Amino acid sequence: MITLAGVTRRFDDANVVGPVDLEIPTGARVALIGPSGCGKSTLLRLVVGLAVPDAGHVAVEGARLEPASLSVFRRRVGYLTQDAALFPHLRCVDNVALRMREAKRPSDVIEARLDELASLVRLSRDLLRRYPFQLSGGQRQRVALMRALALGPSYLLLDEPLAALDPISRRELQEELGALVRTLSATTLVVTHDLREAELLADRAVLLRAGRIEQDDDFPALRATPKSDYVRDFLRAAGP
Amino acid sequence: MKRMKRLFLRACVALVLGMGVLVSICSKPAIAHAETPVVRVGSKRFPESLILGEIAVAVLRRAGVPAEHRAGLGGTAIVWTALQSNAIDLYPEYTGSLVHNLLGDDRRLSPEELTAALAKEDLAVGPHLGFANTYALAVKKTGKTADLLSISQLATRSDLVLGFSHEFIGRDDGWVGLSSRYGLGSLAPKGLDHGLAYDALGAGSIDLTDAYSTDARIARMDLRVLDDDRAFFPNYDAMLVMRRSLSVEATRALATLAGRLTPETMRALNAAVELDGRTPAEAAERFTDDLSPRGGVLRPRPSFLSDLLGVLRAEGPRHLMLVFVSLLAAVLIGVPLGILAHARRGLGRLVLGLAGILQTIPSLAMLAFLIPVFGIGVTPALCALFVYALLPIVRNTVVGLDEVPTAQREAAMVMDLSVSTRLLQIDLPLASRTILAGVKTSAIINVGTATIAAFIGAGGFGVPISTGLGLSDTRMILLGAIPAACLAIALEGLFFVMDRWSVPEGLRLEGRQRDERQSP
């Protein structure tokens with residue numbers, strides 16, 4: 001369970017994210033949605049410790065995130081961002097294996113896991129021998145997903161995972177990623193501005209407005225009873 | 001991943017081994033001689049001093065005393081400090097300069113006073129050689145200076161271009177004292193190397209220069225020495241000044257030189273070197289052969305190519321050692337310093353600022369600062385080269401690490417990779433190309449700067465350059481300049497190979513693809 005209690009991050013007087021109170025139960029799949037600049041990515045960065053709240057705190061399984069517990073938490077996190085952020089000097093296979101080697105997994109275990117992950121994201125092992133720049137954007141994102149899943153994370157944190165892809169590969173991957181996420185039992189927090197993507201990847205939507213939660217519901221409820229004109233506008237803009 | 005690490009290790013080991021071999025090659029002669037004390041003769045960087053240094057060495061060797069010539073050290077200040085700090089045992093000097101070195105002014109000392117003053121420094125007056133070489137001002141007898149006879153006439157001649165050696169301009173017993181004695185403060189002399197002054201005078205780009213009264217060119221170029229009508233220039237008797245610890249045999253051998261060099265002899269020796277292209281060693285050989293019953297015959301001069309090979313053999317290993325040992329030290333200190341400076345911004349600014357300041361110190365001045373601490377020779381040269389090599393390496397390490405993209409840095413953080421894994425497997429490989437560029441810059445700077453090291457007796461390709469400048473001998477300058485230039489070019493090649501070896505393949509291939517896309 002991830003808990004955000006009064007989490008606030010202040011950039012300047014006009015740009016404040018929070019205070020946000022949010023609970024993500026174990027195994028839940030939650031999407032943080034809203035237009036750009038609403039603070040959804042900042043919230044995810046606060047959760048994973050890349051930003052530090054000015055007030056309030058983030059807790060995982062009831063324990064506040066501090067440098068020591070953050071490290072323990074991060075080992076159980078799979079993190080995927082829109083630009084894949086693969087290490088360009090390492091072959092794709094080494095990008096994926098890096099963390100398993102760091103965790104001192106024996107090489108036969110690593111090999112087996114690589115096979116498993118490759119078939120999960122539908123990449124051939126041959127392709128993995130290439131460098132990231134030799135792959136297409138969609139393939140790179142698949143490799144990054146393999147890297148995120150390498151250690152079998154309990155928490156999957158996805159920050160606009162498909163936003164940088166062209167529309168066709170994006171559609172294709174949305175379906176695939178949605179199906180994949182649902183076969184995993186990881187607690188999932190996904191940030192996206194795309195309502196369709198949110199629905200494919202998550203069961204519950206947290207719609208943000210200027211750094212605060214505007215509505216927190218499952219998708220049918222969100223569509224059926226929008227709380228405000230802001231929500232209605234967002235739904236209308238996102239299309240049917 | 002393992003392979004990457006291994007590659008880095010291999011590069012480091014190879015570098016260290018290479019340096020080790022070089023150092024051992026270069027230091028062998030020193031070890032071999034360590035048992036018999038070799039008399040170290042110094043000399044300044046102009047023909048007469050070089051010839052006298054060679055003569056002293058020849059006389060010592062003839063008497064069975066092992067001796068070596070630390071030829072062509074920088075100016076008076078460097079040779080004097082070298083003698084004081086026991087880095088050399090003796091060198092030819094002139095009484096006026098000696099008193100100036102000792103007391104900082106131009107008092108005239110009686111021989112007894114001079115001996116007493118030197119004794120305080122643990123030094124002694126050696127034999128007077130038999131001629132005086134006083135400072136003089138020389139002009140052409142034709143043209144603008146046709147009617148210029150004495151120094152006092154200069155006061156009204158603002159139309160003349162004065163070209164003096166840097167040493168003369170800076171000395172109290174040179175231009176500083178002269179201009180105040182004669183009221184010439186309004187004239188602004190140009191500084192140039194003494195070796196180039198006569199050519200400049202001949203070409204008419206200067207009208208007047210400082211000269212020594214035994215300069216061969218005064219007679220050969222039919223120059224006029226201006227009358228020192230207010231008796232400013234002190235007495236410059238040529239002599240040897242030596243450490244008191246010099247052995248009895250050595251002192252006795254050198255004493256045979258007393259009074260043997262008349263002004264005519266000295267001018268002839270100078271002419272052999274300055275005008276007839278003989279080396280100081282050849283001139284000295286002729287002189288010492290004249291002392292012996294065999295009489296002197298000059299051997300034919302070797303070809304440029306064989307001289308070049310000789311320089312490569314004699315100075316190549318030393319030059320490489322100077323460049324690479326200082327470079328290795330700069331890498332070993334500079335990269336960690338860069339990592340530290342990247343991690344702590346405040347410290348980083350301090351380190352970069354400090355390295356920047358050190359970088360701006362002119363190399364000769366840096367060497368002069370280091371002499372009181374390390375004496376002359378290899379150690380201060382290595383220190384200076386290390387300091388110059390440091391800034392590009394530290395700066396490029398910081399820049400390279402700064403350039404690691406935020407996305408990759410954050411990915412590594414969230415992956416909870418250990419500090420050492422992040423540094424060794426992510427950050428440094430990603431910064432490797434920039435760091436290597438810094439090392440290359442430092443290496444090339446060092447090849448050039450190492451030629452200056454000859455001024456403080458550290459050897460290297462600077463030896464023929466320094467001596468050649470002193471003799472205004474272009475051939476000899478080229479003997480040092482060509483190998484140095486070739487070394488710089490060879491380094492470019494070496495770093496091209498190093499690039500393949502130490503920059504991760506993924507980065508190289510990616511860079512190449514980017515280049516190809518950009519080219520039409």
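Residues numbered from 1 in each chain as written. Chains lettered and ligands numbered in written order. Predicted model: local features only at pLDDT ≥ 70, side-chain atom pairs only at ≥ 80, totals over all residues. Heavy atoms only, no water.

## Looking at the interface of chain B and chain A
Convention followed: Note on definitions: a residue-residue contact is assigned when non-hydrogen atoms from the two residues lie within 4.5 Å. Accessible area that two parts lose when put together, evaluated with a 1.4 Å probe and summed over both, is termed the buried area. Here, a salt bridge means any side-chain nitrogen of Lys or Arg that lies within 4 Å of a carboxyl oxygen of Asp or Glu. Definition of a polar contact: a pair of N or O atoms within 3.5 Å, with one able to donate and the other able to accept a hydrogen when the atoms are protein atoms, and with sequence-neighbouring residues admitted only if both atoms are side-chain atoms.
On the chain A side, the residues contacting the 25 residues of chain B number 26 residues. Taking both sides of the interface into account, the surface hidden between chain B and chain A amounts to around 2400 Å²; carbon and sulfur atoms contribute 64%. For the pair chain B and chain A, the interface holds 3 salt bridges. For arginine 45 of chain A, the salt bridge goes to glutamate 410 of chain B, with nearest N and O atoms at 2.7 Å. Across the contact surface, chain B and chain A share 11 residue pairs in polar contact (both at pLDDT 80 or more).

## As for the pattern of salt bridges
Should the charged atoms of two oppositely charged side chains come close, the side chains can pair. Residues and elements named next belong to chain A. We apply this condition: Helix and strand definitions follow DSSP, with helices as H or I runs of at least four residues and strands as E runs of at least two, each counted in order from the N terminus. Classification of residues uses two cut-offs on accessible area relative to the type maximum, computed with a 1.4 Å probe and protein chains only: under 20% is buried, over 50% is exposed, and between them is partly exposed.
All told, the structure shown has 36 salt bridges over all chains when counted by the stated rule. A salt bridge links lysine 40 to glutamate 160, with the nearest nitrogen and oxygen atoms 3.9 Å apart. One end of the pair, lysine 40, is in helix H1 (residues 40-47); the other, glutamate 160, is in the loop between strand S7 (155-159) and helix H7 (167-183), and 120 residues separate them in sequence. Accessibility assignment for this pair places lysine 40 and glutamate 160 in one class, buried.

## Examining the domain arrangement of chain B
All names here are of chain B. So the rule is basically this: How far each domain reaches was decided by an automatic or database domain assignment. In this classification, Asp, Glu, Lys and Arg are treated as charged, Ala, Val, Leu, Ile, Met, Phe, Trp, Tyr, Cys and Pro as nonpolar, and every other residue, Gly included, as polar.
The domains assigned to chain B are domain 1 (38-129 + 237-302), domain 2 (135-225) and domain 3 (315-504). Contact residues are listed per partner, giving 16 residues for domain 1 and 11 residues for domain 2. Across the domain 1 to domain 2 interface the summed buried area is about 1200 Å²; carbon plus sulfur atoms make up 46%. Area buried by domain 1 at its contact with domain 2 is led by Arg267, Glu274 and Leu275, which between them contribute 37% of it. The interface formed by domain 1 and domain 2 contains 0 salt bridges. Of all the secondary structure elements, the ones that give two or more residues to the side of domain 1 that touches domain 2 are helix H4 (95-103) and helix H11 (263-274). Looking at which element gives the most residues to the side of domain 1 that touches domain 2, the answer is H11, with 5 residues. In terms of residue class, the side of domain 1 that touches domain 2 is built from 3 nonpolar, 7 polar and 6 charged.

## Section: a nonpolar patch on the surface
Residues and elements named next belong to chain B. Quick note on the threshold: Surface patches are drawn from residues lacking salt bridges whose relative accessible area is over 30%; two like charges belong together within 9 Å, two nonpolar side chains (Val, Leu, Ile, Met, Phe, Trp, Tyr) within 5 Å. Only the protein chains shown count as cover for residues, and all accessible areas are computed by the Shrake-Rupley method using a 1.4 Å probe.
A surface patch of nonpolar side chains, about 280 Å² in accessible area, is lined by Leu305, Leu309 and Leu312. Within the fold, leucine 305 resides in helix H13 (residues 304-343). A relative accessible area of 57% means that leucine 305 is categorised as exposed.

## Some remarks on the sheet that holds strand S8 (residues 187-192) of chain A
Residue and element names in this part refer to chain A. Selection criterion: Paired strands are those between which DSSP finds at least two bridges. Axis geometry follows a simple rule: fit a line to the C-alpha atoms, using only the stretch in contact for helices, then measure angles between N-to-C directions, giving values from 0 to 180 degrees.
Ordered in space as S6-S7-S8-S3-S9-S10, the 6 strands form an open sheet in which the pairing is mixed. Two strands lie at the open edges of the sheet, namely strand S6 (77-81) and strand S10 (212-218), each paired on one side alone. If you compare each strand with its neighbour and ignore which way they point, the axes differ by 15° on average. For S7 and S8, the ladder comprises 5 bridges, and the chain directions are parallel. In the sheet register, aspartate 159 faces S8, and the bridge partner there is valine 191. Packing against the sheet, H1 makes contact with strand S3 (29-33), S6, S7, S8 and strand S9 (204-209), and its axis sits at approximately 145° to S8.

## Details of helix H14 (residues 345-360) of chain B
Residues three or four positions apart in an α-helix share a direction because the helix packs 3.6 residues into each turn. All names here are of chain B. Cut-off, in case you're wondering: Expected helix span is computed as 1.5 Å times (number of residues minus one). The arc refers to the directions leading from the helix axis to the C-beta atoms.
Across its 16 residues, H14 extends 23 Å between first and last C-alpha, which sits within 8% of the 22 Å expected from 1.5 Å per residue. Considered for burial, the residues of H14 that qualify are Gly348, Val351 and Ala355. Seen end-on, H14 carries its buried residues on one side only, within an arc spanning 70°. Turned more than 90 degrees away from the buried face of H14 sit Arg349, Leu350, Leu354, Ile357 and Thr360, all of them exposed. The inward-facing, buried residues of H14 abut H13 and helix H16 (378-402).

## Focus on the pairing of strand S8 (residues 208-212) of chain B
Burial analysis of S8 of chain B places 5 of its 5 residues in the buried class, the great majority of the element. Residues Leu208, Asp210 and Tyr212 of chain B line one face of S8 of chain B and the alternating positions Thr209 and Ala211 of chain B line the opposite face, and both faces are buried.

## A closer look at the packing of aromatic side chains
Using the following cut-off: Each Phe, Tyr or Trp ring, with Trp reduced to its six-membered ring, pairs with another whose centre is within 6.5 Å; inter-plane angles below 30 degrees give stacked pairs, above 60 give edge-to-face pairs, and intermediate values give tilted ones.
One pass over the structure, following the stated rule, counts 9 aromatic pairs over all chains. Judged by centre distance (5.2 Å) and plane angle (65°), the rings of phenylalanine 73 of chain A and tyrosine 155 of chain A are edge-to-face. With a gap of 82 residues between them, phenylalanine 73 of chain A in helix H2 (residues 67-74) and tyrosine 155 of chain A in strand S7 connect regions that are remote in the sequence. The class for tyrosine 155 of chain A is buried, based on a relative accessible area of 1%. On the basis of an interplanar angle of 45° and a centroid distance of 5.1 Å, the ring pair of phenylalanine 164 of chain B and tryptophan 175 of chain B is categorised as tilted. Residue phenylalanine 164 of chain B is located in strand S6 (residues 162-164), and its partner tryptophan 175 of chain B is located in helix H7 (residues 172-182); the two are separated by 11 residues in the primary sequence. Each member of the pair, phenylalanine 164 of chain B together with tryptophan 175 of chain B, is buried.

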